[in-house]
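Examining the three-dimensional arrangement
The residues making up each chain are set out below.
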Amino acid sequence: MAKRDYYEVLGVNRDASEEDIKKAYRKLAMKWHPDRNPDNPKAEEHFKEAKEAYEILTDPRKRPAYDQHGHAGIDSSAAAGAGAGFGDIFSDIFGEIFGGARGGRSNVFRGADLRYNMEITLEQAAHGFETKIRIPTLAECETCHGSGAKPGTQPQTCATCRGAGQVRVSQGPFSMAQTCPRCHGTGKTIANPCATCAGAGRVKHQKTLSVKIPAGVDEGDRVRLSAEGEAGVNGGPSGDLYVQVHLKQHAVFQRDHDDLHCEMPVSFTTAALGGEIEIPTLDGSARIKVPNETQSGKTFRLRGKGIKGVRSQSPGDLFCHVVVETPVSLTARQRELLQEFETISQKDAARHNPRAKGWFDKVKEFFEG
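So, the overall build of the protein chain
Along the protein chain, the regular secondary structure elements total twelve helices and 15 strands. Across the 369 residues that make up the protein chain, the buried fraction comes to 33%. Contacts spanning at least 24 positions in sequence make up 64% of the contacts within the protein chain whose residues lie at least 6 apart. Summing over all exposed atoms, the protein chain offers an accessible surface of approximately 23000 Å²; the carbon and sulfur share of this is 50%.

Some words on the packing of aromatic side chains
Aromatic ring pairs: the centre-centre distance and the angle between the two ring planes describe each pair. In the structure shown here, the tally under the stated rule is five aromatic pairs. Between Y25 and Y54 the ring centres are 4.7 Å apart and the planes differ by 20 degrees, which places this aromatic pair in the stacked class. Taken together, the positions of Y25 in helix α2 (residues 18-32) and Y54 in helix α3 (residues 43-57) put the pair 29 residues apart, joining distant regions of the chain. Judged by its relative accessible area of 2%, Y54 falls in the buried class. By the ring-pair criterion, three or more aromatic residues cluster together here, those being Y6, Y7 and Y66. The ring of F300 is capped by K298, whose NZ or CZ atom sits 5.4 Å from the centre of that ring.

Looking at a nonpolar patch on the surface
A cluster of nonpolar side chains, contributed by F268, L338 and F341, occupies part of the molecular surface with about 260 Å² of accessible area. In this fold, L338 is placed in helix α10 (residues 332-346). L338 gets classed as partly exposed once you look at its relative accessible area, which sits at 30%.

Notes on the packing of α2 against α3
It is the contact of α2 with α3, at a shortest axis distance of 9 Å, that shows an interaxial angle of 165 degrees. With respect to each other, α2 and α3 are oriented roughly antiparallel. As α2 runs across α3, the sense of the crossing is left-handed. In this structure, α2 contributes I21, K22, Y25, L28, A29 and W32 to the contact, and α3 contributes A43, E44, H46, F47, A50, K51, Y54 and L57. When grouped by side-chain class, the residues that make up the contact of α2 with α3 number ten nonpolar, one polar and three charged.

Analysis parameters
Residues numbered from 1 in each chain as written. Predicted model: local features only at pLDDT ≥ 70, side-chain atom pairs only at ≥ 80, totals over all residues. Heavy atoms only, no water. Helix = DSSP H or I, 4+ residues; strand = E, 2+ residues; numbered from the N terminus. Buried < 20%, exposed > 50% of the residue type's maximum accessible area, 1.4 Å probe, protein only. Contact = heavy atoms within 4.5 Å. Areas by Shrake-Rupley, 256 points an atom, 1.4 Å probe, with all protein chains shown as cover. Phe/Tyr/Trp six-rings, centres within 6.5 Å; stacked < 30°, edge-to-face > 60°. Lys NZ or Arg CZ within 6 Å of the ring centre and 35° of its normal. Patch = residues over 30% accessible without salt bridge, like charges linked within 9 Å, V, L, I, M, F, W, Y side chains within 5 Å. Salt bridge = Lys/Arg side-chain N within 4 Å of Asp/Glu carboxyl O. Axes fitted to C-alpha atoms, helices over the stretch in contact; angles between N-to-C directions. Parallel < 35°, antiparallel > 145°, perpendicular 65-115°, else oblique. Left-handed = near helix turned anticlockwise from the far one by under 90°. Nonpolar A, V, L, I, M, F, W, Y, C, P; charged D, E, K, R; others polar.

Don't take any of this as a statement about function, it's just geometry.
This is the structure:
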């Protein structure tokens, strides 16, 4: 029986990309896989036909020969070899679904990333600083150099998975790859484990690192220290260390991105008569002129007295929110003067307390309907 055209078998055009060919084969493999068609004797034949077409059309040397000469341009032994071992090609195509990798599973793993939480002050965040930290981590065992085997011996290829790190198991109509239960995915077993690391290849270790925190960092920002995480497995690269910044609560300022906010207590007399007060900034201090008749809640803005963020072109501003402070612990004389002041003020309340007068007028209208 003459072979069908490979493009016809997969149902793709002759100019189909490799990805299109793979998608077409994946669909046919799912349809005709023998495990899914135990009662259909022709299923395996269809599956092998699709597999052969897939292998030829994804081969960069064989596809041009087939396009030019058809089946005659393909080496017969290579084509015949394509018809066997459908379990392997099924694993190859669906490897990413089951956690495998084409051409065999890699047993080299990158080390885990680590996170170190660092609390810093607002001043440190604004100006930046350098410090040292100690972190617990897993480092390569110096005795066995990461192999896990006793010096003078070597790990052996796992007899269960033959070094693949995976074994195939059948679950209903599917054949799936799972981590080898004997070597736990490493592909190797250790008959004589290293006494220092007990065969793990890595040991717990405390190391001291120097960390430079840049000026302008904010809550939640991270500083990355490349390759300072856990050591890799079987010679894999180390992970990274991320220093995550957390800001301590400040006694005076609250940060809002690059801006700073603070409450500015103003005495009753200064708010009424006006005056000048001194306020702190991150760079020292500044003086603010308070105009007479200043009300509680008024905000003064000092440009450029905030923080210059890591990615900002210029510093933010400092916003000072006035809080008029009611005097406490009054002496008899102070009480007497305030009562006298109140008596005088009530004679022309609309002039001296316009907001209170307006509010009471609205309340009166509310109750009177």
